[in-house]
Structure formats: structure tokens, C-alpha cells
Amino acid sequence: MSLLLDENLSPRLVPRLLSLFPGLTHARDVGLKQASDEQIWRCAKENGYTVVTADADFVALSNRLG
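These numbers come from a predicted model, not from an experiment.

## Examining helix H2 (residues 37-47)
Taken residue by residue, H2 has Ile40, Trp41, Cys43 and Ala44 as its buried positions. Looking down the long axis of H2, one finds its buried residues gathered within 165° of arc, a one-sided arrangement. Exposed and oriented more than 90 degrees from the buried face of H2 are Lys45 and Glu46. Packed against the buried residues of H2 are strand E1 (2-5), strand E3 (49-52) and helix H3 (57-65). One or two steps after H2, the chain reaches Gly48, where phi turns positive at roughly 75°.

## Some words on the sheet that holds strand E2 (residues 25-26)
Sheets are built from strands paired through backbone hydrogen bonds, the pairs being either parallel or antiparallel. The strand order across the open sheet formed by three strands is E2-E1-E3, and the pairing between neighbours is parallel. Sheet topology places E2 and E3 at the edges, where each strand pairs with a single neighbour. As defined by bridge partners, E1 adjoins E3 across four bridges and the pair is classed as parallel. Residue pairing for E3: Leu4 is matched across the bridge by Val51. Most of the contacts of H2 go to E3, to which it runs at about 150°, and overall it touches E1 and E3.

## Observations concerning the packing of H2 against H3
Orientation of H2 relative to H3, taken along the N-to-C sense of each, is 60°, at an axis distance of 11 Å. The pairing of H2 with H3 is recorded here as oblique in orientation. Every pair of crossing elements has a handedness; the one defined by H2 and H3 is right-handed. Facing Asp37, Glu38, Ile40, Trp41 and Lys45 of H2, the residues of H3 in contact are Asp57, Phe58, Leu61, Ser62, Arg64 and Leu65. A per-class count over the contact of H2 with H3 returns five nonpolar, one polar and five charged.

## Quick look at the nonpolar core
The biggest cluster of nonpolar side chains holds 11 residues, and these are Leu4, Ala27, Leu32, Ala35, Ile40, Trp41, Cys43, Ala44, Val51, Phe58 and Leu61. Among the elements of the structure, H2 and H3 are those that each provide at least two residues to this core. Leaving out residues up to four positions away in the same chain, Val51 has contacts with Leu4, Ile40, Ala44 and Phe58. Counting five residues, the second largest nonpolar core, distinct from the first, contains Leu3, Leu9, Val14 and Leu24.

Calculation criteria
Residues numbered from 1 in each chain as written. Predicted model: local features only at pLDDT ≥ 70, side-chain atom pairs only at ≥ 80, totals over all residues. Heavy atoms only, no water. Buried < 20%, exposed > 50% of the residue type's maximum accessible area, 1.4 Å probe, protein only. Helix = DSSP H or I, 4+ residues; strand = E, 2+ residues; numbered from the N terminus. Arc of directions from axis to C-beta. Contact = heavy atoms within 4.5 Å. Pairing = 2+ DSSP bridges. Axes fitted to C-alpha atoms, helices over the stretch in contact; angles between N-to-C directions. Parallel < 35°, antiparallel > 145°, perpendicular 65-115°, else oblique. Left-handed = near helix turned anticlockwise from the far one by under 90°. Nonpolar A, V, L, I, M, F, W, Y, C, P; charged D, E, K, R; others polar. Core = buried A, V, L, I, M, F, W, Y, C linked by side-chain atoms within 4.5 Å.

Set out below in C-alpha cells:
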């Protein structure tokens, strides 16, 4: 499983969690620094990522965009 950390989570989590989640990456690492939630959602969907976030807006986004 490939996980994509949203920008509201620290990029410093990646090296700490990489051994547990080998497909882990941060939004900044795929060119999404200061991207909107919708841009992050689209990137995740197009590239097979599961978004990891602390942002409640992603629930509404998921319901709206599937």
C-alpha cells in the first residue's frame, strides 16, 4: 500500500515510519508543496496512494469526489 502524507503532517514522519510503511511519501516529495486538498486528492487517486491526513475536509472531499 502506498501512503501519501498530507501537508498538515510533518515531512519528518517519513523517515521515521518508512520501515513500517515502505510506500510512504509526503505531498511535498511529489511536488505538492502548498497544494490544495483537491490537488492532493487527485494526485493520490491518479497514482494509487491512500491519503493520510488530520484534516477533516478530506472526508467531505471523499464523499464528493469518490
